[in-house]
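Chain by chain, the residues run as shown.
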Amino acid sequence: MRRQGLYNRQHAKQAGAVKGMIGRLLIAVVVVICTISFLVLWTSNGGGPSGFRSELNLDKLWRGADSGGWRPSSAPRSNWPSPPRETNGYLRVRCNGGLNQQRTAICNAVLAARIMNATLVLPELDANSFWHDDSGFRGIYDVEHFIMSLRYDVKIVEKIPEIRKNGKTKKIKAVQLRPPRDAPISWYTTDALAKMKEHGAIYLTPFSHRLAEEIDNPEYQRLRCRVNYHALRFKTNIIKLSQSIVDKLRSQGHFMSIHLRFEMDMLAFAGCFDIFNPKEQEILKKYRKENFAPKKLVYEERRAIGKCPLTPEEVGLILRAMGFNNSTKIYLAAGELFGGERFMKPFRALFPHLENHSSVDPADELAENTQGLLGSAVDYMVCLLSDIFMPTYDGPSNFANNLLGHRLYYGFRTTIRPDRKALAPIFIDLEKGRTTGFEEAVRQAVLNTNLGGPHERIPPDSFYTNSWPECFCQTSPKNPAHKCPPYNVLEILNSQLGEATDDLESVPQSNSTIYVAER
């Protein structure tokens, strides 16, 4: 009896277990069916990666990124007194490097002057050592606009004035200092300020990356944005020339700009030699030995983790996978490509409509300054105003990094920022002949990146690459700290382009604030 009762109980348990299993299987089948139905519906509407090739999504890329209710605003949000009539002395700086490294240095110089309550002497551009170009600040930027725009922030003079003492005219000699790299604010308020008070003027040289970027003071960061995006306006001839190129490129529709960083210095820095012939490898290794610290670099390891600049062909394959066709107009902002036409030929086969500032507008002024500050300034403006911008190597590239930040501030314009680490194994598989799923994998890698909308600043990105949220605000914020200042917007960023604004009227006024006008 006990055995019979045990059997019955066991039989009942087994029967219940079978019913439970059947129930769970039915639920699983329903879930699978619903999931498949959802995915079919989603992709048919262009929602997933397989719908990314649709015209609708490409149209969104051409139009710009979603602002999420944010708009640029670098006006002060708290009490911000004007500089006093009497300051602690004069600050001179020499900005070294290329155009965009100098641009960053100028922003830091203005902030340093504000921190020390100093009168800033118009920054010096060390153009000769890098560009062999002696244009200087006045040859590139609108000096009067620069001084006027920042009149509520710092006092600026073109040179240290002479003083009269005991009936004699005397020159103030600035004592030279070398600031520590990424110096904290405390260095300026102690060491630098003490020397300024002692001598009346200090001269900081070199002045590249000599002030920490991450500062726990939003008002200081907003001052940097006022300098970078409002006060630093190129001269009228540069703006007109840039606008002329943009008008010609856009005469038949949209165009994208690409910073193709496949150049000798970057390839040598990255240690990516193996794709070149022995003579080219010798040149790269020699350049690396002369310009960079010794370090053992293995090409396969560097390539596998995305440390190598994208080749022109890889750039073309990425764009083709995204759905861009061979009618797409592309503006190339780049120096001399290493390896020459051998590497450009596959890219040109995919996208034949390639232009640069010399081919679009072969003006005498540009022809004489192709490698100088003028050529770099024109490239900067055209890339800023392009519908889509794509940097191919945004590591130690001040040009690309500054443009990413400027386009974010200038109305969240679309940027395609390839994730080289995610793309590396995809291209390695392609080289080994594994072509199945290549374009889908590329699209997935691109979709996982930010395309120009508001996003968190994550190291190693610098403040100049992404000034969100300090230099942005919301009209209807959840966080009161993000509320837009109660100023009337009397001008928009397009007015910064001087007379060349006809092509940019589509940027809404709500997306821009001009600090000077607000005051």
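About the thresholds
Residues numbered from 1 in each chain as written. Predicted model: local features only at pLDDT ≥ 70, side-chain atom pairs only at ≥ 80, totals over all residues. Heavy atoms only, no water. Helix = DSSP H or I, 4+ residues; strand = E, 2+ residues; numbered from the N terminus. Buried < 20%, exposed > 50% of the residue type's maximum accessible area, 1.4 Å probe, protein only. Contact = heavy atoms within 4.5 Å. Areas by Shrake-Rupley, 256 points an atom, 1.4 Å probe, with all protein chains shown as cover. Disulfide = S-S within 2.5 Å. Core = buried A, V, L, I, M, F, W, Y, C linked by side-chain atoms within 4.5 Å. Phe/Tyr/Trp six-rings, centres within 6.5 Å; stacked < 30°, edge-to-face > 60°. Lys NZ or Arg CZ within 6 Å of the ring centre and 35° of its normal. pLDDT = per-residue confidence, 0-100. Salt bridge = Lys/Arg side-chain N within 4 Å of Asp/Glu carboxyl O. Pairing = 2+ DSSP bridges. Axes fitted to C-alpha atoms, helices over the stretch in contact; angles between N-to-C directions. Expected span 1.5 Å × (residues − 1). Right-handed = clockwise from strand over helix to strand, strands pointing away.

(A) Region of interest: the overall build of the protein. Along the protein, the regular secondary structure elements total 21 helices and 15 strands. Sorting the 519 residues of the protein into buried and exposed places 51% on the buried side. Expressed as a percentage of contacts within the protein between residues at least 6 apart in sequence, the contacts between residues at least 24 apart total 77%. With the model as given, the accessible surface of the protein reaches about 25,600 Å², and the carbon-plus-sulfur share is 53%.

(B) Representation of the state of the cysteines. Enumeration over the complete set of coordinates arrives at three disulfides. The side chain of C225 participates in a disulfide bridge whose partner is C471; the two sulfur atoms lie 2.0 Å from each other. With the S-S dihedral at roughly 95°, the linkage between C225 and C471 falls on the right-handed side. On the criterion of sequence distance, the pair formed by C225 in helix α8 (residues 218-231) and C471 in the loop between α20 (438-447) and β15 (472-474) is long-range, its members being 246 residues apart. Residue C471 is classed as buried on the basis of its relative accessible area, which comes to 0%. Across a sulfur-sulfur distance of 2.0 Å, C473 and C484 are joined as a disulfide pair. An S-S torsion of about 85° defines the bridge between C473 and C484 as right-handed. You can see C473 sitting in strand β15 and its partner C484 sitting in the loop between β15 and α21 (515-518), a full 11 residues away along the chain. Of the two residues, C473 and C484, neither departs from the other in class, the shared state being buried. Counting only the cysteines that take part in disulfides, in the order they occur along the protein, gives the pairing 1-4, 2-3, 5-6. Of all cysteine sulfurs, the one in C107 lies closest to C95, which takes part in no disulfide; the gap is 9.6 Å.

(C) Here's a closer look at the nonpolar core. One finds L91, F146, Y188 and F234 to be the most contacted residues of the largest nonpolar core, which totals 71 residues. It is helix α3 (residues 99-116) that provides the largest number of residues to this core, a total of 11 residues. Excluding anything up to four places from it in sequence, Y188 contacts A112, I115, M116, P179, A183, L193, L204, F207, R210 and L211. In terms of nonpolar packing, the next biggest core, distinct from the first, is built from 39 residues, W62, L337, F427 and V446 among them.

(D) Focus on the packing of aromatic side chains. The final tally for this structure, using the stated rule, is 21 aromatic pairs. With a centroid separation of 5.1 Å and 75° between ring planes, the pair formed by W70 and W468 is classed as edge-to-face. Taken together, the positions of W70 in strand β1 (residues 70-72) and W468 in the loop between α20 and β15 put the pair 398 residues apart, joining distant regions of the chain. Residue class for W70 comes out buried when judged on its relative accessible area of 9%. Measuring from centroid to centroid gives 6.2 Å for Y287 and F292, while their planes differ by 55°, and the two rings are tilted. Y287 sits in the partly exposed class, given a relative accessible area of 23%. Following the ring pairs from residue to residue traces out a cluster consisting of F137, Y141, F146, F234, Y380 and F399. Above the ring of W80, the side-chain terminus of R226 is found at 5.3 Å from the ring centroid.

(E) Spotlight on the confidence of the model for the protein. Averaged over every residue, the pLDDT of the protein is 82; residues scoring 70 or more account for 79%. Across residues 1-56 the pLDDT falls below 50, and counting only partners more than four positions away or on other chains, this stretch makes 26 contacts in the model. Below pLDDT 50 for its whole length, residues 488-519 participates in 83 contacts with residues either more than four positions away or in separate chains.

(F) Quick peek at the pattern of salt bridges. Counted by the stated rule, this structure contains 21 salt bridges. Here D387 and R250 are joined by a salt bridge, their closest N and O atoms 3.4 Å apart. Of this pair, D387 sits in the loop between α17 (373-385) and β13 (388-391) while R250 is found in the loop between α9 (236-249) and β10 (256-259), placing the two residues 137 residues apart along the sequence. The residues D387 and R250 share a single accessibility class, namely buried. E341 serves as the salt-bridge partner of R348, at 3.3 Å between the closest nitrogen and oxygen. It is possible to trace a salt-bridge network through shared partners that takes in R138, E144 and E158.

(G) Summary view of the environment of F351. Among the secondary structure elements, F351 is positioned in the loop between α14 (341-350) and β12 (354-355). Residue classification places F351 among the buried residues on the basis of a relative accessible area of 0%. Considering only alpha carbons, one finds F351 and I330, 21 residues apart in sequence, at a separation of 7.9 Å. If sequence neighbours within four positions are ignored, F351 has contacts with G316, L319, R320, F324, N325, N326, T328 and I330.

(H) Region of the structure containing the sheet that holds strand β14 (residues 414-415). Ordered by their spatial adjacency, five strands build an open sheet running β12-β11-β10-β13-β14, and the pairing between neighbours is parallel. Two strands in the sheet have a free side with no partner beyond their single neighbour: β12 and β14. Bridge count for β10 against β13 is four bridges, and the pairing is parallel. The residue of β13 that forms the bridge with S257 is F389. Across the sheet, α17 is in contact with β10, β11 (330-333) and β13; its angle to β11 comes to roughly 145°.

(I) Representation of α17 within the structure. Under the 1.5 Å per step criterion, the end-to-end length of α17 is 18 Å for 13 residues, consistent within 8% with the ideal 18 Å. Burial runs high along α17: 13 of the 13 residues are buried.

(J) Quick look at the pairing of β11. Side chains of β11 alternate between two faces, with I330 and L332 and Y331 and A333 buried alike. Two elements, β10 and β11, share four bridges in a ladder whose sense is parallel. Among the inter-strand pairings, M256 is bridged to a residue of β11, identified as I330. Bridge analysis of β11 against β12 gives two bridges, and the strand direction is parallel. Note on β12: the bridge partner recorded for I330 is L354. As a crossover connection, the stretch from β11 through α14 into β12 is right-handed.

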